[in-house]
Amino acid sequence: MTTAKTAVKPVPNAKLRAVRMGLLMSQDDLARAIREAGTAAGEPNDASKRLVQRWEAGTTGAPRPVYARALERVTGLPIDSLGFVPVALASVQSDGQGGHDLEPSSATAPTSTPTAQTATRTPNGNYSGIWLSRYEFFSSGRDETFTGLHYVVLLQHGNKLTVRSLPDASLNPNSPLTMDLTLDGNVVTGTWVEETASEGYYAGARYHGAIQMLIEPTGRRMVGKWLGFGKEFDVNTGPWILEFKDASTNKAALEKWNVRPEA
């Protein structure tokens, strides 16, 4: 006996359609405006009426980064306000056994995405630049959740991403962070290492583990989770975000961002 598979119907993107109509634009008009915005920003694209139709019909769940940035310029709205599927971020909590895990029920979508007016990124899908690294972890010894912040330099070579924190740019001083990542479409997978400060709570301990993140449609946020060992002989996890800050990695940019991040 065989069972027929039921096709999942796409959910129409009513938000995008409403925004387009509010701008008094036809689908052709919106496609043309997206092309013009891309050209003006040095990121040409091939937006068409058919592409806009696929977005509004829900058959294409999220635009490619070059289209997402142009959409933000045309509408003046962040991409997560235009009805596309967001990337969820979970929260970290104690697991009651000295370690910590994620709380699934508290997973929420990001509340905002930098607009085109506040951040620009290098064209052609290259993610090199200055990023803010933010992760959460639970300290069983202090029974509290903490946030780790670093301004990092991200360099892309093909599908390899190398991440290194700037020397004076960590929330907790003298805690260098490194990441070695591989890019596959909008999925980033790799490893991380952090050396804690010798004078800090963890007294110079070296922590390391795995990480996987999804790149949001604008290409300005990578959202995912880290995995790593704890001192109670367990494996812990927590949320990790990289937020784009600056496309330049010249000396002036490095000096500008080599500062302690604000918590």
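The rules behind the values
Residues numbered from 1 in each chain as written. Predicted model: local features only at pLDDT ≥ 70, side-chain atom pairs only at ≥ 80, totals over all residues. Heavy atoms only, no water. Helix = DSSP H or I, 4+ residues; strand = E, 2+ residues; numbered from the N terminus. Buried < 20%, exposed > 50% of the residue type's maximum accessible area, 1.4 Å probe, protein only. Lys, Arg positive; Asp, Glu negative; His and termini not counted. Salt bridge = Lys/Arg side-chain N within 4 Å of Asp/Glu carboxyl O. Polar contact = N/O pair within 3.5 Å; in protein donor to acceptor, adjacent residues only side chain to side chain. Contact = heavy atoms within 4.5 Å. Expected span 1.5 Å × (residues − 1). Arc of directions from axis to C-beta. Phe/Tyr/Trp six-rings, centres within 6.5 Å; stacked < 30°, edge-to-face > 60°.

1. Thoughts on the side chain of Asp246
Part 1 of the reasoning: Along the chain, Asp246 turns up in strand β10 (residues 235-246).
Part 2 of the reasoning: Among buried Asp, Glu, Lys and Arg side chains, Asp246 stands out as unpaired, with Lys256 the closest opposite charge at 4.3 Å.
Part 3 of the reasoning: A distance of 2.9 Å separates a polar atom in the side chain of Asp246 from the backbone nitrogen of Ser248.
Part 4 of the reasoning: Setting aside residues up to four positions removed in sequence, Asp246 forms contacts with Gly129, Ile130, Ala253, Lys256 and Trp257.

2. Digging into helix α2 (residues 27-40)
Part 1 of the reasoning: Compared with the 20 Å implied by 1.5 Å per residue over 14 residues, the 20 Å span of α2 between its first and last C-alpha is a close match.
Part 2 of the reasoning: When we look at burial in α2, the residues that qualify are Gln27, Leu30, Ala31, Ala33, Ile34, Ala37 and Gly38. With its buried residues spanning 160° around the axis, α2 presents them on a single face. Turned more than 90 degrees away from the buried face of α2, the exposed residues are Glu36, Thr39 and Ala40.
Part 3 of the reasoning: Of the surrounding secondary structure, the elements contacted by the buried residues of α2 are α1 (14-22), α3 (49-57) and α4 (65-75).
Part 4 of the reasoning: Gly42 sits one or two residues past α2 and shows a positive phi near 75°.

3. Re the environment of Glu255
Part 1 of the reasoning: Inspection of the secondary structure puts Glu255 in helix α5 (residues 251-257).
Part 2 of the reasoning: For Glu255, a relative accessible area of 52% translates into the label exposed.
Part 3 of the reasoning: Taking C-alpha positions, Glu255 is 9.1 Å from Leu166, a pair spaced 89 residues apart along the chain.

4. Some details on the packing of aromatic side chains
Think of a pair of aromatic rings as described by two things: how far the centres are apart, and how the planes are tilted against each other in angle.
Part 1 of the reasoning: Within this structure, the stated rule accounts for 10 aromatic pairs.
Part 2 of the reasoning: Judged by centre distance (5.5 Å) and plane angle (80°), the rings of Trp131 and Phe244 are edge-to-face. Of this pair, Trp131 sits in strand β3 (residues 129-139) while Phe244 sits in strand β10; the two residues are 113 residues apart in sequence, bridging distant segments of the chain. Taken as a pair, Trp131 and Phe244 share a single burial class, namely buried.
Part 3 of the reasoning: Taken together, the aromatic side chains of Tyr135, Phe137, Phe146, Trp192, Trp226 and Trp240 make up a single cluster linked through ring pairs.

Geometric values such as these leave the question of function open.
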